[in-house]
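The chain contents come next:
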Amino acid sequence: TFAIIGSTGSGKSTIMNLLMRFYDATSGEILYDNINIKDLKLEPFYDKIGYIPQKSTLFAGTVKHNVFYSAKDLSDENLEKALTVSQSKEFVEKLDGKTEFMVSQGGNNLSGGQKQRLCIARALAKNPEFLFFDDSFSALDFKTDKQLRQALKENYDGTTKVIVAQRIGTIMDADKIMVLNEGKIIGLGTHKSLMKNCDVYKELAYSQLSKEELEND
């Protein structure tokens, strides 16, 4: 799990877009398994990616249709796993028709948190090699955020996860955290090392969480 954190306009989404080749780097190179991203064929590359943008996008159709939008495994087991891990199962079970519930265009008949969780379920249903979360936890409450991260760890431990976030609590347990400020990397390491060596990260952490919360986690 690799996390990117920084203030608005620091370059978080730019890095995310470069990693997914939504646009190309003007200098330097991005390597996947030592292969330049520009040498990879886009379709098979995108098949390996599960992307969850900050703005949730759902389509007119059933919950099941939305979750399976780009999945190859259309089994009930895959649907169940994606809904459970994304913390969607509980609210879907209460919908009229459950997975056959008709979602309106844009998901306007669901709450922001419900839409976000279904978008995460859709990415998980692809069983991708890479999961890209572009501030995708912002619409979730802290409890759901924590449960989702734990479920991801337990069920998708072998999947590379890149998380852009503004909440320290979302990325504290990442293997490596990159701290950005005005387009520059000013910190790189674990939560513990950054608390010691990166003043910007430390200030951000204490502005969001108490000393007890930071030490307990």
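Structure: above.
Note on numbering: residues in each chain are counted from 1, in written sequence order. Thresholds applied to this predicted model are a pLDDT of at least 70 for local features of residues and 80 or more for the giving and counting of side-chain atom pairs; totals over whole chains, interfaces and linings are not thresholded and use all residues. Hydrogens are left out, water is left out, and the side-chain values use all remaining heavy atoms of the structure.

*Asks:* Can you walk me through the overall build of the protein in this structure?
*Replies:* Along the backbone of the protein there are 11 helices and 10 strands. Out of the 217 residues in the protein, the part that is buried amounts to 46%. The contact definition used throughout considers only heavy atoms, calling two residues in contact when any of these lie within 4.5 Å. In the protein, 67% of the contacts between residues at least 6 apart in sequence involve partners at least 24 apart. Total accessible area computed for the protein in this model is approximately 11,800 Å², and 49% of it derives from carbon and sulfur atoms. Positive: Lys, Arg. Negative: Asp, Glu. His and the chain ends are not part of the count. For charged residues, the charge sits on one atom: NZ in Lys, CZ in Arg, CG in Asp, CD in Glu. Separation of charge centres in the protein, based on 28 positive and 30 negative side chains, amounts to 1 Å. Helix and strand assignments come from DSSP, with helices taken as H or I runs of at least 4 residues and strands as E runs of at least 2, each series counted from the N terminus. Only protein chains enter the accessibility calculation, which uses a 1.4 Å probe; a residue whose area is less than 20% of its type maximum is buried, one above 50% is exposed, and one in between is partly exposed. The protein chains shown are the only cover counted for residues, whose accessible areas, like all others here, come from Shrake-Rupley with a 1.4 Å probe.

*Asks:* Help me understand the pairing of strand β8 (residues 160-165), please; the structure alone is not making it clear to me.
*Replies:* Successive residues of a regular strand alternate their side chains across the two faces of the sheet. Across the six residues of β8, five count as buried, placing the element largely inside the fold. By definition, two strands form a pair when at least two bridges between them are found by DSSP. Bridge count between strand β7 (residues 130-134) and β8: five bridges; the pairing is parallel. Bridging across to β8, Phe-133 finds its partner in Ile-163.

*Asks:* When you look at helix α1 (residues 12-19) in this model, what are you seeing that I'm missing?
*Replies:* Three- or four-residue spacings in an α-helix give side chains the same orientation, since the helix completes a turn every 3.6 residues. Every buried residue of α1 is listed here: Lys-12, Met-16, Asn-17 and Leu-19. Buried residues of α1 fall within an arc of 160 degrees about the axis and therefore sit on the same side. Buried residues in α1 make contact with β1 (2-6), β2 (31-32), α2 (42-47), β7, β8 and β9 (176-181). At the exit of α1 stands Arg-21, carrying a positive phi of roughly 55 degrees. The directions from the helix axis to the C-beta atoms form the arc being described.

*Asks:* Looking at this structure, I do not really get the environment of Leu-214. What am I missing?
*Replies:* Along the chain, Leu-214 turns up in helix α11 (residues 211-216). Using a relative accessible area of 7% as the deciding quantity, one classes Leu-214 as buried. Along the backbone, Leu-214 and His-191 are 23 residues apart, and their C-alpha atoms lie at a distance of 9.5 Å. Among all residues touching Leu-214, those that are not within four sequence positions of it are Ile-168, Met-172, His-191, Met-195, Ala-205, Tyr-206 and Leu-209.

*Asks:* How do you make sense of unusual backbone geometry when you look at a structure like this?
*Replies:* Glycine aside, negative phi is the norm for most residues, and most peptide bonds take the trans geometry. Of note, the phi angle at Arg-21 is positive, near 55 degrees, even though the residue is not glycine. Structurally, Arg-21 can be placed in the loop between α1 and β2. Positive phi outside glycine occurs at Asn-34, with the angle close to 65 degrees. Along the chain, Asn-34 falls in the loop between β2 and β3 (35-36). Taking relative accessible area as the criterion, Asn-34 reaches 72% and is therefore assigned exposed.

*Asks:* Can you help me understand the pattern of salt bridges in this one?
*Replies:* One speaks of a salt bridge when a side-chain nitrogen belonging to Lys or Arg is within 4 Å of a carboxyl oxygen belonging to Asp or Glu. Throughout the structure, instances matching the rule amount to eight salt bridges. Taking the shortest distance from any N to any O, the salt bridge between Lys-72 and Asp-47 comes out at 3.7 Å. Placement of Lys-72 in the loop between α3 (63-67) and α4 (76-85) and of Asp-47 in helix α2 is noted, with a sequence separation of 25 residues between them. In this structure, a network of salt bridges that share partners links the residues Asp-145, Arg-149, Arg-167 and Asp-173.

*Asks:* Can you walk me through the nonpolar core in this structure?
*Replies:* The nonpolar side chains of a soluble globular protein tend to be buried, and buried together. Formed by 48 residues in total, the largest nonpolar core has its most connected members in Val-63, Val-67, Leu-118, Leu-152 and Tyr-201. The biggest single contributor to this core is helix α6 (residues 112-125), with seven residues. When near neighbours in sequence (up to four residues on either side) are disregarded, Leu-152 contacts Val-85, Leu-124, Leu-131, Phe-133, Phe-137, Asp-157 and Lys-161. We define a nonpolar core as any set of buried Ala, Val, Leu, Ile, Met, Phe, Trp, Tyr and Cys residues linked to one another through side-chain atoms lying within 4.5 Å.

*Asks:* How should the packing of α4 against α6 be read in this particular structure?
*Replies:* Here the axes come from fitting lines to C-alpha atoms, over the contacting stretch only for helices, and the angles between their N-to-C directions go from 0 to 180 degrees. Contact pair α4 / α6: the axes reach a minimum separation of 8 Å and the direction vectors enclose 135 degrees. Taken together, α4 and α6 sit at an angle that is classed as oblique. Seen along the crossing, α4 lies across α6 with a hand that is right-handed. Two secondary-structure elements touch here, α4 through Asn-78, Ala-82, Leu-83 and Val-85 and α6 through Leu-118, Ala-121, Leu-124 and Ala-125. Counted by class, the contact of α4 with α6 contains seven nonpolar, one polar and no charged residues. What sets the label is the angle itself: under 35 degrees gives roughly parallel, over 145 gives roughly antiparallel, 65 to 115 gives roughly perpendicular, and the rest give oblique. When the near helix sits turned anticlockwise from the far one by under a right angle, the crossing is termed left-handed; a clockwise turn instead gives a right-handed crossing. Residues were grouped as follows: Ala, Val, Leu, Ile, Met, Phe, Trp, Tyr, Cys and Pro as nonpolar; Asp, Glu, Lys and Arg as charged; and all remaining residues, including Gly, as polar.

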